[in-house]
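Coordinates in review
What follows is the residue order along each chain.
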Amino acid sequence: MATPPHQPLPSYGFGRPAPLPCDICGAIPAVHTVVRGHQGLVVTLRFLTKEGTFCRTCGTSLYRKMTSDTLWQGWWGLLSVFAAPVTLFMNIGARRRIRSLPHPVGNLRPQLAPGRRVLVRLPALIITGALVAALGVFVVPRLIPSTPPSFMAGDCGRNNAEWPEQDLEEVGCSSAEAEFWLSEGGKCWGMDWLVYLEYSAEQEMLCAHPMKK
């Protein structure tokens, strides 16, 4: 991408050092920096670096490509799980230096295409989707308070804990999983158990009678 002919090159007076040209396209101004990437190779790993003097356009392209590649190549190994986040964090400084540059002018060679932002590229979208799915499966259910089932006399259920602990679940009386049937609390006898009030729909005592198998 050539510089438009009507766009003049900036002038630098006496005592002002000439800006560094970009190693890739030759445009000015540019800044010396290091852009990093990481690859996890199951049993080993590899650190990648692109060190040089880059203008805003070429530097942005390098940063976006190497960061995006790290997002999908940097997790395939035990050590890489820790190395990849460190690599992404270290690239923040390079990105800040590159973005602080003004738009480059005077390129002598084609510039690298910046491409789409990292967060809208496929690797970032896949990782974001996976994180959202994990949040929905493992975190959100824990934040939702569980509501115990409500029983009435005549219902049947089973206990998922060991009596006298109670983790009751309602099941059909004809089901093979039914362990007890319920009656009013004043009708307990033998080895029956009084059900916790939190399981009573009408907050009245209920008695759990073992089902005859």
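Residues numbered from 1 in each chain as written. Predicted model: local features only at pLDDT ≥ 70, side-chain atom pairs only at ≥ 80, totals over all residues. Heavy atoms only, no water.

Right, let's get into the pairing of strand 5 (residues 180–184). Of the pairings in the sheet, the one linking strand 3 (residues 156–159) to strand 5 comprises two bridges and is antiparallel in character. By the bridge assignment, Cys-156 is partnered in strand 5 with Trp-181. Taken together, the five bridges between strand 5 and strand 7 (residues 206–210) define a ladder with antiparallel strand orientation. Along strand 7, the bridge assignment pairs Leu-182 with Ala-208. (Pairing = 2+ DSSP bridges. Helix = DSSP H or I, 4+ residues; strand = E, 2+ residues; numbered from the N terminus.)

On the surface, Arg-95, Arg-96, Arg-99 and Arg-117 cluster together to form a positively charged patch. For Arg-95, the location among the structural elements is in helix 2 (residues 80–99). (Patch = residues over 30% accessible without salt bridge, like charges linked within 9 Å, V, L, I, M, F, W, Y side chains within 5 Å. Areas by Shrake-Rupley, 256 points an atom, 1.4 Å probe, with all protein chains shown as cover. Salt bridge = Lys/Arg side-chain N within 4 Å of Asp/Glu carboxyl O. Lys, Arg positive; Asp, Glu negative; His and termini not counted. Charge placed at Lys NZ, Arg CZ, Asp CG, Glu CD.)

Bringing the state of the cysteines into the picture now. All chains considered together, the criterion is met by two disulfides. At a sulfur-sulfur separation of 1.9 Å, the disulfide partner of Cys-156 is Cys-173. Linking Cys-156 and Cys-173, the disulfide has an S-S dihedral of approximately 95 degrees and is accordingly described as right-handed. In this pair, Cys-156 sits in strand 3 while Cys-173 sits in the loop between strand 4 (168–170) and strand 5, placing the two residues 17 residues apart along the sequence. Look at Cys-156 and you get buried, because its relative accessible area is 3%. The class for Cys-173 is partly exposed, based on a relative accessible area of 40%. Looking at the protein chain, its bonded cysteines, counted consecutively from the start of the sequence, adopt the pairing 1-2, 3-4. Just so you know, Cys-22 is unpaired, no disulfide at all, and the nearest cysteine sulfur is the one on Cys-55, 3.8 Å from it. Unpaired in this structure, Cys-55 has its nearest cysteine sulfur neighbour in Cys-58, at a distance of 3.7 Å. Cys-55 gets classed as buried once you look at its relative accessible area, which sits at 0%. (Disulfide = S-S within 2.5 Å. Buried < 20%, exposed > 50% of the residue type's maximum accessible area, 1.4 Å probe, protein only.)

Note that every value here comes from positions in space, so none of it alone points to a role or purpose.
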